[in-house]
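For reference, the chains in residue letters:
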Amino acid sequence: MHPIITTLIKRIGLGIVSLFFVTLIIFSSVNMLPGDFVEAVLGQSRTEETVRIFRQELGLDKPYHVRYVNWLTSAIQGDLGNTFSGRNATYANQPQQNTARSVSSLLQPRLFNTFFLAAMTAIIAIPLSLILGITAALYRNSFYDRTVNASALTAISMPEFFVAYVLIIFLASINQFFPSLSNVTSSTPFLERVYLSILPALTLTLVTVAHMMRMTRASIINLLSSPYIEMARLKGMSRTKVIIKHALPNAWAPIANIIAFNLAYLIVGVVVVEVVFVYPGVGQLMVDSVIKRDIPVVQGCALVFALTYILLNLIADVISIVTNPRLLYPK
Amino acid sequence: MSKASNQYSAKNEVSNTHVRRTIFQRSLISLSKAPFTAWLGMIIVSSYFFVAIFAPYLAPYGEAQIFKVPYAPWDNVHIFGTDRLGRDILSRLIYGARNTMGIALTTTFLAFLIGVGLGLLSAILRGWVDQILARFVDILMAIPSLIFALMLLSIFGSTALNLILIIAVLDSTRVFRLARAVGMNVVVMEYVEAARLRGEKISWIMGREILPNILPPLVAEFGLRFCYVFLMIASLSFLGVGIQPPTADWGSMVRDTGELIQFAAYDVTAAMTPILPAAAIGILTIGVNFVVDWFLYLTSGLKDEHQ
């Protein structure tokens, strides 16, 4: 078989295995709750019967592996269970009067918002950081390189909320260019949505560009110092031709990795930024649910984040396998 | 370090064939060659530690002492004003150095204890121990650590102890990988083989044979991991699930005073109040990064000389 295909199959298999274990960990989290959390959730007005019904609903009367399979199959179909909050102990035996909402109905609109923010950031950040990184690598040790590098190090060291607050002071408070609260709803028109999300997107851009630019610069410098590039230059090839014909084919893999790594970083950075700007996304939902200790919602959000993270890493690896010149021309 | 005389004397050179410099002398020499950024970093880090250690003597008021005026403006009584409950911001900043840095340091130490211990163990034992530990770490690293920490905190509750344990375990995965990778290179050396044949215990091989030889990359990693843990705890506290009140901590101070930022157009000093703790976090991280950069340059430079 072609070496690319075998490597691809191996990598995708590994991805599926890690997905399996991640779902197992997230599922198990509810069982690690200390004490009898069913009684704690239902509160003062619980009766023996409501406790029993709630247990049944959570499936705590069934063995562990059965519960896992049930949870996984319904999760794949988009059903992540019901929230703990709004669960009324008195109505527990009458499901139609239960005020608990389904986790997926909470997640869905927020998922769109978060991906909108992430996509907006990615569209600004990826070209910007690639250009900055590559030019800094080409003009290594120049004044330009030093300035870009020093500001990137500063941006990396600052917590996201610091960057966010500084932006708010200058762009939303002293000069009121943009709103400091990004209260988008599902009915907000596209252009207004973009306008409302500018500050959170800008914050995320600043933080990710710093990371991405430094990594791009390092990998390009690493590549340009390899002997075969020097050889190409020595045989009289022009600088641009060396970069396009010799450097670039080997540069795709690290660049794809860097982009995926930073998109993965983005979905984590989103949590803090969403809280600062009160942006109704998955991150904010997750933090709220952690404070309320609403475990099914936390599980749902963790599942979404972990899934995106694993998928992005998988895509990056697939790209680097497919574009690897050493695998393209097997001996 | 005394200055040697300028005159060359063959007798002196022959009689003192080889004078070994002490560690103190060697560090003085490398310190004198340190670049500006490294000095800046060292000054920043040591002044933070100074503030953290002598917090009760430096702070004008108590950590949770409440005054009559909430949100007091900056003046002579309260240099940086007071917060929502009327607590002095400057005092809380000073105590915050102690709490935030203390928790971050403890967490990093614990992460290194777990990570280096297990990493070296799997480098020495190889076989199924290594396989199980490495695969387990791979799985833990497949979930972003902030998300994992949030999930675990929602289950076990946000106490300082839980925070330290959870972040230490999550962070030890990265230490494990590094310790295992550099440990593997040393395990194959002859002197480790000799120690094994002598019948030394695993703890001796780990502590006396391997650890001293992989110390430089681990020390550099310690600085970087400290920054990472520090930012993570600050973020969690900012989100309201980290260090809980009334303990003064920079992340939750930003959260508490965040709404003041809206008044920047009317009173710039008020808007600066949440910026102060956030800047305190950022400056320490930059300082540590500068020191680590220099240390990495130094240790890798020394290696080049030997080759």
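Because the structure is a prediction, the values reported are computed rather than measured.

**Description of the pattern of salt bridges**
All names here are of chain B.
Link 1 in the chain: For the structure shown, the criterion picks out ten salt bridges over all chains.
Link 2 in the chain: Measuring nitrogen to oxygen at the nearest pair gives 3.9 Å for the salt bridge that ties Asp-256 to Arg-87. Pair noted here: Asp-256 is in helix H12 (residues 250-257) and Arg-87 is in the loop between helix H4 (55-58) and helix H5 (89-125), with a separation of 169 residues, a long-range link. For the pair shown, Asp-256 and Arg-87 are each scored as buried.
Link 3 in the chain: Each of the salt bridges in this network shares a partner with another, and the network as a whole consists of Arg-135, Asp-138 and Arg-177.

**A few points about a positive patch on the surface**
All names here are of chain B.
Link 1 in the chain: Residues Arg-20, Arg-21, Arg-26 and Lys-33 make up a contiguous surface patch of positive charge.
Link 2 in the chain: Structurally, the position occupied by Lys-33 is in the loop between helix H2 (23-32) and helix H3 (36-53).
Link 3 in the chain: When its relative accessible area of 66% is taken as the criterion, Lys-33 is described as exposed.

**Regarding the confidence of the model for chain A**
Link 1 in the chain: Residues at a pLDDT of 70 or more form 88% of chain A, whose mean pLDDT is 81.
Link 2 in the chain: The spread of mean pLDDT over the elements of chain A runs between helix H2 (residues 37-42) of chain A, the lowest at 67, and helix H10 (residues 227-234) of chain A, the highest at 89.

**Focus on unusual backbone geometry**
Link 1 in the chain: Despite not being glycine, Val-278 of chain A shows a phi value in the positive range, around 50°.
Link 2 in the chain: Position of Val-278 of chain A among the secondary structure elements: in the loop between helix H11 (239-276) and helix H12 (282-292).
Link 3 in the chain: Take Val-278 of chain A: its relative accessible area is 40%, and that puts it in the partly exposed class.
Link 4 in the chain: A positive phi angle, close to 50°, is found at Arg-126 of chain B, a residue other than glycine.
Link 5 in the chain: Mapped onto the fold, Arg-126 of chain B is located in the loop between H5 and helix H6 (127-141).

**Considerations on the interface of chain A and chain B**
Link 1 in the chain: The interface is formed by 42 residues belonging to chain A together with 41 residues belonging to chain B.
Link 2 in the chain: The contact between chain A and chain B buries some 3,700 Å² in all, and 81% of this surface belongs to carbon and sulfur atoms.
Link 3 in the chain: Area buried by chain A at its contact with chain B is led by Ser-157, Phe-161 and Tyr-165 of chain A, which between them contribute 16% of it.
Link 4 in the chain: Taken together, chain A and chain B are joined by zero salt bridges.
Link 5 in the chain: Between chain A and chain B we count two residue pairs in polar contact (both at pLDDT 80 or more) in total.

**Section: the environment of Phe-156 of chain B**
Link 1 in the chain: Mapped onto the elements, Phe-156 of chain B comes out in helix H7 (residues 145-156).
Link 2 in the chain: A C-alpha to C-alpha distance of 9.4 Å links Phe-156 of chain B and Ile-166 of chain B, two positions ten residues apart in sequence.

Definitions and limits used
- Residues numbered from 1 in each chain as written.
- Chains lettered and ligands numbered in written order.
- Predicted model: local features only at pLDDT ≥ 70, side-chain atom pairs only at ≥ 80, totals over all residues.
- Heavy atoms only, no water.
- Salt bridge = Lys/Arg side-chain N within 4 Å of Asp/Glu carboxyl O.
- Helix = DSSP H or I, 4+ residues; strand = E, 2+ residues; numbered from the N terminus.
- Buried < 20%, exposed > 50% of the residue type's maximum accessible area, 1.4 Å probe, protein only.
- Patch = residues over 30% accessible without salt bridge, like charges linked within 9 Å, V, L, I, M, F, W, Y side chains within 5 Å.
- Areas by Shrake-Rupley, 256 points an atom, 1.4 Å probe, with all protein chains shown as cover.
- Lys, Arg positive; Asp, Glu negative; His and termini not counted.
- Charge placed at Lys NZ, Arg CZ, Asp CG, Glu CD.
- pLDDT = per-residue confidence, 0-100.
- Contact = heavy atoms within 4.5 Å.
- Buried area = accessible area lost by both parts, 1.4 Å probe.
- Polar contact = N/O pair within 3.5 Å; in protein donor to acceptor, adjacent residues only side chain to side chain.

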